[in-house]
Amino acid sequence: MSRSKIKFINEFDGVMSDHVFMAGVYQTVITPPVGFKIFSPELPEIISTSVNDDLLAKVITMSTLKSELVLIGLDVWGISDKFEHALRLAINNTVNSQKTLTICVTVTGNGCSPVLHKVTPEYETYSEYLIEQIVGCVKYSYTNMKPASIGTKSIKFSNVSTFLDGPHMPGNPALIVTAINDVNNNGIARIINYSCPGNIYRSHGSWTADYPGYTSWALDSSNEGKTIFIQGSSADIRPYDWWLGNENPSHPRRDYSDVIALGLLCATQVTQAASQTTQRRNVKLCSSTDTETGIQITRIGDMYLVSNPRQQNNRFARHIRRDLPNSNVMVSTGFRGYTFNEKCRFDAKGRRRSINLLKQFGSD
């Protein structure tokens with residue numbers, strides 16, 4: 001059985017300096033042209049006819065004495081292995097660093113998305129241009145880096161989602177927030193992990209980032225900083241009370257007012273959680289990818305990120321957090337894209353190997 005190689009970075013615990021932890025952010029619009037196909041996990045592909053709100057690519061660059069981390073958030077449903085490989089290669093060729101460099105690519109899981117999780121002729125040129133845009137964001141985020149602190153808080157965000165199987169089964173309420181602040185405790189960036197697909201808005205041809213996008217906009221407007229929303233392990237979770245067979249669901253119109261309702265509520269919860277974080281200047285950044293499962297484990301200060309490309313029900317995340325109750329573990333799954341009618345098989349091996357790697361990184 002092969003084992004992942006883990007390289008630990010000691011960041012001189014106890015040494016205080018304005019340059020122990022640095023962070024920078026940048027973002028750009030990535031909305032595809034009108035006329036391109038919109039992918040939805042629950043509906044057939046349709047031709048876009050307008051833009052309701054823009055899709056964005058966001059980059060948070062973090063640096064310590066010996067390591068650097070580039071965290072990328074995309075307002076898309078999923079990305080292909082080919083796209084991610086090309087993106088990582090482009091960033092590695094651009095960033096000329098003497099430090100250990102980690103790259104993490106995440107998606108919001110909005111249900112109105114360009115087709116990036118599979119290779120199509122229509123999106124070939126767009127994909128190449130998108131990679132150039134993201135690399136540009138990485139460059140600018142480096143120029144914006146400043147002394148920073150970081151902290152994470154886990155709270156419950158209840159009664160806004162449901163498990164798909166039936167009534168009286170509320171979705172996983174775990175909302176995990178990492179706050180990155182400047183030396184004056186003003187927000188630089190927020191990293192959010194929540195398990196509820198962004199497929200509220202019933203698009204009839206309009207591009208939208210759905211409630212993850214509105215959450216990010218609300219936080220940015222409140223000077224909380226740029227936000228990367230990481231879609232959690234949620235193949236069996238739906239917004240509001242939209243369980244299968246519900247003939248009288250709330251928010252039945254599925255228009256943008258329903259998006260705003262959840263997005264604004266989520267932003268309020270994130271702001272409260274961010275204000276409760278314990279901020280630290282001495283930070284560990286380290287990462288490893290398991291060769292057998294393709295799962296990437298990343299430590300960002302007091303937060304751990306599990307990135308599993310395979311589609312997973314929320315059981316995957318709950319079992320990891322159950323076995324590591326004292327740690328803030330964000331879990332991202334299914335970012336290779338899938339449809340709601342696909343069957344999901346529990347990744348028991350991925351769960352076990354994720355827990356083992358997390359423990360080696362200091363999680364408990």
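Quick caveat: nothing in here was measured; it's all calculated off a predicted structure. (Residues numbered from 1 in each chain as written. Predicted model: local features only at pLDDT ≥ 70, side-chain atom pairs only at ≥ 80, totals over all residues. Heavy atoms only, no water.)

One finds I72, L74, I79, F83, L87, I91 and I134 to be the most contacted residues of the largest nonpolar core, which totals 36 residues. Mapped onto this core, the elements with two or more residues apiece are β5 (56-63), β6 (67-74), α1 (81-94), β7 (100-107) and α2 (124-143). Looking at this core, the element that brings in the most residues is α2, giving seven residues. Apart from the residues lying within four places of it in its own chain, the contact partners of F83 are L74, L116, S127, L130, I131 and I134. Counting residues in hydrophobic clusters, the runner-up holds 27 residues, among them Y201, Y211, A218 and V270. (Core = buried A, V, L, I, M, F, W, Y, C linked by side-chain atoms within 4.5 Å. Buried < 20%, exposed > 50% of the residue type's maximum accessible area, 1.4 Å probe, protein only. Helix = DSSP H or I, 4+ residues; strand = E, 2+ residues; numbered from the N terminus. Contact = heavy atoms within 4.5 Å.)

Let us now look at the packing of aromatic side chains. This structure, assessed with the given rule, holds eleven aromatic pairs. Seen from their ring centres, W77 and Y338 are 5.2 Å apart, and the 55° between their planes marks the pair as tilted. In this pair, W77 is assigned in the loop between β6 and α1 and Y338 in the loop between β18 (328-333) and α6 (348-360), connecting sequence segments 261 residues apart. Summarising the burial analysis for this pair, W77 and Y338 share the class buried. The interplanar angle of 80° and the centroid separation of 5.4 Å between the aromatic rings of Y123 and Y126 together place this pair among those described as edge-to-face. As far as the burial class goes, Y123 and Y126 line up, both buried. (Phe/Tyr/Trp six-rings, centres within 6.5 Å; stacked < 30°, edge-to-face > 60°.)

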